[in-house]
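These are the residues of each chain, in order.
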Amino acid sequence: MQRFDSYMTEWLYGENGYYTTYKEIGKKGDFYTSVSVSPLFGGSIASYIISLIDQKRLSAYATICEVGAHKGYLMADVVQFIYTLRPELLQTLSFCIVERFDNLQEVQRHYLYESFGDAIKISWVKSLSILSLEEGFVFANEIFDAFGARVFKEGKEAYVTSEHVVTWEECEEPLVETGEVACGYEAFAKELFEAFTRVIFVTSDYGQMWRRSDISMRLYDNHTTIPFRDFSDLSSYFGRCDITYDVNFEELLEIFRSVGFHHQECKEQMRALVDFGLVELLEKLHHALPYEEYLKEVAKVKILISPE
């Protein structure tokens, strides 16, 4: 039997795992994320990067790094908006993507080269542990809900048999009475902290600022949510469907503080994007686009600021 965290990791990242290939986004495929809703998500990050440079909190020679870039769309949006808002920065900034799978790196390389050619300096690494850089701005979209997690219920811990059946085993020292405990956050935070002399990290995910007293673990199959209480025989879902849980941001922030990070904030996506410069970007679009096209972008932005 496997403990559930190692089973989940194999499900997502093992041979033929869910994240080893690209999934179609839309009615016949995966759920939308903020990246697939509107390029203004990346535009807001680009605007924030520029504001940090203007405030001298980040230099114009920093490395802009994305962890887990899917097809490269978010990185492309960030680069495009930096070019639109402050084109001279592309002469000094460097870019990097952390991607563990070679086949996904190739897709990202192709897309970004088709988009920008040799206009940007970009590299790929398989792990943050490979990096040793002076200064960076690192961003990631929905990665912490994809770390393996141990699952507990009434003091017992979830395991999975070789036949993909969930079973509950007695646990001498349960980490929580009922709920998930994510694994790997501290190792990630340490790698990030040690990869740069100075770094600013921004991430977005689903979750809350407290530990839930129930089990949020769930999988998505054909746009249907299957809660953990309905997990039994997982053989038909393994590696084919996304599996995830709510992030406990209070715990995540505490782990980042414990390895040396400081000046951290946790905001709802609406507030963060507005603080990053989303409203100002919309104003620029208002002047640059035909009114009907502008209204379409406004409709997309409504999803970004109210993702539920």
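The residue numbers shown here count from 1 along each chain, following its written sequence. This being a predicted model, a pLDDT of at least 70 is required before a residue's local features are given, and a value of 80 or more before pairs of side-chain atoms are given or counted; all residues contribute to the totals for chains, interfaces and linings. As a convention, hydrogens and water are excluded, and side-chain values are obtained from all of the structure's heavy atoms.

Of regular secondary structure, the chain possesses ten helices and 15 strands. Seen along its three principal axes, the alpha-carbon backbone of the chain occupies a region of about 60 × 45 × 35 Å. For every residue, the accessible area obtained with a 1.4 Å probe (protein chains only) is divided by the maximum for its type, and the residue is called buried under 20%, exposed over 50%, and partly exposed between those limits. When the 308 residues of the chain are sorted by exposure, 48% land in the buried category. Residues are treated as being in contact if the distance between any of their heavy atoms lies within 4.5 Å. Look at the contacts in the chain between residues 6 or more apart in sequence, and 78% of them connect residues 24 or more apart. The method behind every accessible area is Shrake-Rupley, applied with a 1.4 Å probe, and residues are considered shielded solely by the protein chains displayed. Accessible surface computed for the chain: about 16,100 Å², of which carbon and sulfur atoms make up 50%. Only four residue types enter the charge count, namely Lys and Arg as positive and Asp and Glu as negative; His and the chain termini do not. To locate a charge, take NZ of a lysine, CZ of an arginine, CG of an aspartate or CD of a glutamate. Here the chain holds 29 positive side-chain charges and 49 negative ones, and the gap between their average locations is 4 Å. Under the scheme used here, helices are H or I runs from DSSP no shorter than 4 residues and strands are E runs no shorter than 2 residues, and both carry numbers assigned from the N terminus.

Let us look at the packing of helix α4 (residues 73–85) against helix α5 (residues 102–116). Note on geometry: axes are C-alpha line fits, over the in-contact stretch for helices, and angles between N-to-C directions span 0 to 180 degrees. At their nearest, the axes of α4 and α5 sit 10 Å apart, and the two run at 25° to each other. Compared by their axis directions, α4 and α5 come out roughly parallel. Seen from above, α4 lies across α5 with right-handed handedness. Together, Tyr-73, Met-75, Ala-76, Val-79 and Gln-80 of α4 and Tyr-111, Leu-112 and Phe-116 of α5 make up the contact between the two elements. Angle categories: roughly parallel below 35 degrees, roughly antiparallel above 145, roughly perpendicular from 65 to 115, and oblique for all the rest. Each crossing gets its handedness from the near helix: less than a right angle anticlockwise from the far helix is left-handed, clockwise is right-handed.

What follows covers the side chain of Asp-77. With respect to the helices and strands, the residue Asp-77 is situated in helix α4. Asp-77 sits in the buried class, given a relative accessible area of 16%. Ignoring any residue separated from it by four or fewer positions in sequence, one finds Asp-77 in contact with Pro-39 and Gly-42.

So, about the sheet that holds strand β2 (residues 63–67). In sheet architecture, strand pairing relies on hydrogen bonds along the backbone and comes in two forms, parallel and antiparallel. When DSSP finds two or more bridges between a pair of strands, those strands are recorded as paired. An order of β4-β3-β2-β5-β10 is seen for the five strands of this open sheet, with the pairing classed as parallel. Strand pairing shows two members of the sheet lacking a second neighbour, β4 (122–125) and β10 (196–204), which therefore form its edges. Across this sheet, the average inter-strand angle for adjacent strands is 20°, counted without regard to direction. Pairing of strand β5 (residues 133–141) with β10, which is carried by eight bridges, proceeds in the parallel orientation.

Let's shift gears to the state of the cysteines. When two cysteine sulfur atoms are found within 2.5 Å, that pair is recorded as a disulfide. Within this structure, the stated rule accounts for zero disulfides. Of the cysteine sulfurs around Cys-96, a residue in no disulfide, the closest is that of Cys-65, at 4.2 Å. Cys-96 sits in the buried class, given a relative accessible area of 1%. In this structure Cys-183 is a free cysteine whose sulfur lies 12 Å from that of Cys-171, the closest cysteine sulfur available.

This paragraph deals with empty space enclosed by the protein. Cavities and pockets were defined on a 1 Å grid built over protein atoms only: a cavity is a set of grid points that admits a 1.4 Å probe from which the probe cannot escape, a pocket is an open set flanked by protein on both sides within 12 Å along at least five of seven lines, and lining residues are those with an atom within 4 Å of any such point. Grid points are joined across faces, edges and corners, and a volume is the space filled by probe spheres set on the points. Per the counting criterion, the structure on display carries one cavity of 30 Å³ or more. Estimates place the volume of the largest cavity at around 130 Å³. Along the wall of the largest cavity there are 16 residues; nearest its centre are Glu-180, Arg-211, Tyr-245, Asp-246 and Asn-248. Broken down by element, the lining of the largest cavity gets its largest block of residues, four residues, from strand β9 (residues 179–182). Residues are grouped as follows: nonpolar covers Ala, Val, Leu, Ile, Met, Phe, Trp, Tyr, Cys and Pro; charged covers Asp, Glu, Lys and Arg; every other residue, Gly included, is treated as polar. Partitioned by chemical class, the residues of the lining of the largest cavity number five nonpolar, five polar and six charged.

With that out of the way, let us pick up the pattern of salt bridges. Put simply, a salt bridge is a Lys or Arg side-chain nitrogen that is within 4 Å of an Asp or Glu carboxyl oxygen. Inspection of the entire model under this criterion finds 19 salt bridges. Notably, a salt bridge pairs Glu-157 with Arg-3, separated by 3.9 Å at the nearest N-O pair. With Glu-157 in strand β7 (residues 156–160) and Arg-3 in strand β1 (residues 2–3), the pair connects residues that are 154 residues apart, well separated along the chain. Judged by its relative accessible area of 2%, Glu-157 falls in the buried class. What makes Arg-3 partly exposed here is its relative accessible area of 29%. For Arg-271, the salt bridge goes to Asp-275, with nearest N and O atoms at 3.8 Å. A residue pair is termed a helical-turn pair when its members lie 3 or 4 positions apart in one helix, as Arg-271 and Asp-275 do in helix α8 (residues 269–276) at four residues. Put simply, Arg-3, Asp-5, Arg-150 and Glu-157 are held in one network by salt bridges that share partners.

Attention now moves to a nonpolar patch on the surface. Note on patches: the residues involved have over 30% relative accessible area and no salt bridge, like charges join within 9 Å, and the nonpolar side chains Val, Leu, Ile, Met, Phe, Trp and Tyr join within 5 Å. A grouping of Met-270, Val-274 and Val-279 is seen on the molecular surface, where their side chains present a nonpolar patch of about 240 Å² in accessible area. Looking at where Val-274 falls in the secondary structure, it is placed in helix α8.

Time to look at helix α9 (residues 278–288). Buried residues of α9: Leu-278, Leu-281, Leu-282 and Leu-285, and no others. Relative to the axis of α9, the buried residues are bounded by an arc of 100° and lie together on one face. Buried residues belonging to α9 abut α3 (40–54), α4, α8 and α10 (291–305). Along the arc lie the directions from the helix axis toward the C-beta atoms.

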